[in-house]
Amino acid sequence: MVIIALYNLKGGVGKTASCVNFAYLAAKDGYKTLLWDIDPQGSTSFYYQAKAKYKGGIKKLVEKDADIEEAIMAANYENLDIIPADVSVKSFDVMMEELKSSKKRLKSLLQPFNKAYDFVFLDCPPGFSVLAENIFNASDIVLMPVIPTTLSIRTYEMTKDYFKEKSIDLSKMMCFFTMADLRKNMHNEIMETLYKDKKFFENYIPYLSDVEKMGVHRVPLEEFAKSGYAAKCYRDLWQEIKEGVLE
Ligand SMILES: Nc1ncnc2c1ncn2[C@@H]1O[C@H](COP(=O)(O)OP(=O)(O)OP(=O)(O)O)[C@@H](O)[C@H]1O
Ligand SMILES: [Mg+2]
């Protein structure tokens, strides 16, 4: 089981769009895949048209002796299961309280699924918090979509510092560029500089309207724009990530 968290300190950088497509592509490859929408915004659940069946919310999921199996639902695609978001703010607060007591709670929660799933994807909310720390400890890969702008470099460096401060293995952190616009000099220059860091996958996701249209279709790219360039970019990037992770 490989746990991949789509994470960025910054909001609106393409974590959800990427998580939705990677999970779909992993399942399509034949891997048993679990997608956990851990962000109370519930955007991944929106794209997958999945509503939590588990009353009592995410709070119950993180309690001692919790059985997260009860919260797992089959998604509309073969090999893909989903834990939809708990959109109640109250239970999110309770979860944060629960996670404060142990920074490894999420890790132990997912451990029983070691044999059941090949890949687990976590769609994370932005920001540093006890949740983020739990996510970093639980994940094999902290996968960060990065828009090639000056502010993104700053948050990228801040995240590296956070890893060091919390003694989290920095080799877990891997990145890819998203919403890239190569007509912009700044994007080109920043990509060139950051590629030298060796933390970035070669393939990147350009700024493409098909990705935005996922919100209208409420399905992954492959399902409505398979022959389009955005779907191709995600396939190529997923292939590279998969090879990097499974090597
Ligand atoms: N490659 C892209 N090209 C164009 N638009 C994109 C691309 N990736 C994402 N978007 C759009 O940008 C917006 C933010 O994307 P998304 O919701 O995936 O980001 P996020 O990092 O998950 O945000 P949040 O921090 O709020 O969870 C969405 O409207 C999405 O459709
Ligand atoms: Mg999101």
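Residues numbered from 1 in each chain as written. Chains lettered and ligands numbered in written order. Predicted model: local features only at pLDDT ≥ 70, side-chain atom pairs only at ≥ 80, totals over all residues. Heavy atoms only, no water.

Q: Even after reading the chapter, I still don't get the pattern of salt bridges, so can you show me in this structure?
A: Any two side chains of opposite charge can pair, given that their charged atoms come close. Tallied over the full model, the rule gives 9 salt bridges. When the shortest N-O distance is used, the salt bridge between Asp 29 and Lys 242 registers 2.9 Å. Of this pair, Asp 29 sits in the loop between helix 1 (15-28) and strand 2 (33-37) while Lys 242 sits in helix 11 (residues 229-246), and the two are 213 residues apart along the sequence. Here Lys 242 falls in the buried class, since its relative accessible area comes to 12%. Salt-bridge contacts for Glu 97 lead to Lys 100; the nearest nitrogen and oxygen are separated by 3.1 Å. Of the two residues, Glu 97 and Lys 100 both sit in helix 4 (residues 89-100), 3 residues apart, roughly one turn of that helix. Here the salt bridges do not stand alone but share partners, grouping Lys 28, Glu 222 and Arg 235 into one network. (Salt bridge = Lys/Arg side-chain N within 4 Å of Asp/Glu carboxyl O. Helix = DSSP H or I, 4+ residues; strand = E, 2+ residues; numbered from the N terminus. Buried < 20%, exposed > 50% of the residue type's maximum accessible area, 1.4 Å probe, protein only.)

Q: Which parts of the structure should I look at to understand the side chain of Asp 123?
A: By the secondary structure assignment, Asp 123 is in strand 5 (residues 119-123). There is no salt bridge for the buried Asp 123, and the closest opposite charge comes from Lys 15, which lies 6.5 Å off by N-O distance. There is a polar contact of 2.7 Å between the side chain of Asp 123 and the side chain of Thr 16. Dropping the residues within four chain positions of it, Asp 123 is found in contact with Leu 6, Lys 15, Thr 16, Cys 19, Trp 36, Asp 37, Ile 38, Asp 39 and Thr 44. (Lys, Arg positive; Asp, Glu negative; His and termini not counted. Polar contact = N/O pair within 3.5 Å; in protein donor to acceptor, adjacent residues only side chain to side chain. Contact = heavy atoms within 4.5 Å.)

Note that all results are geometric; they support no functional claim without further evidence.
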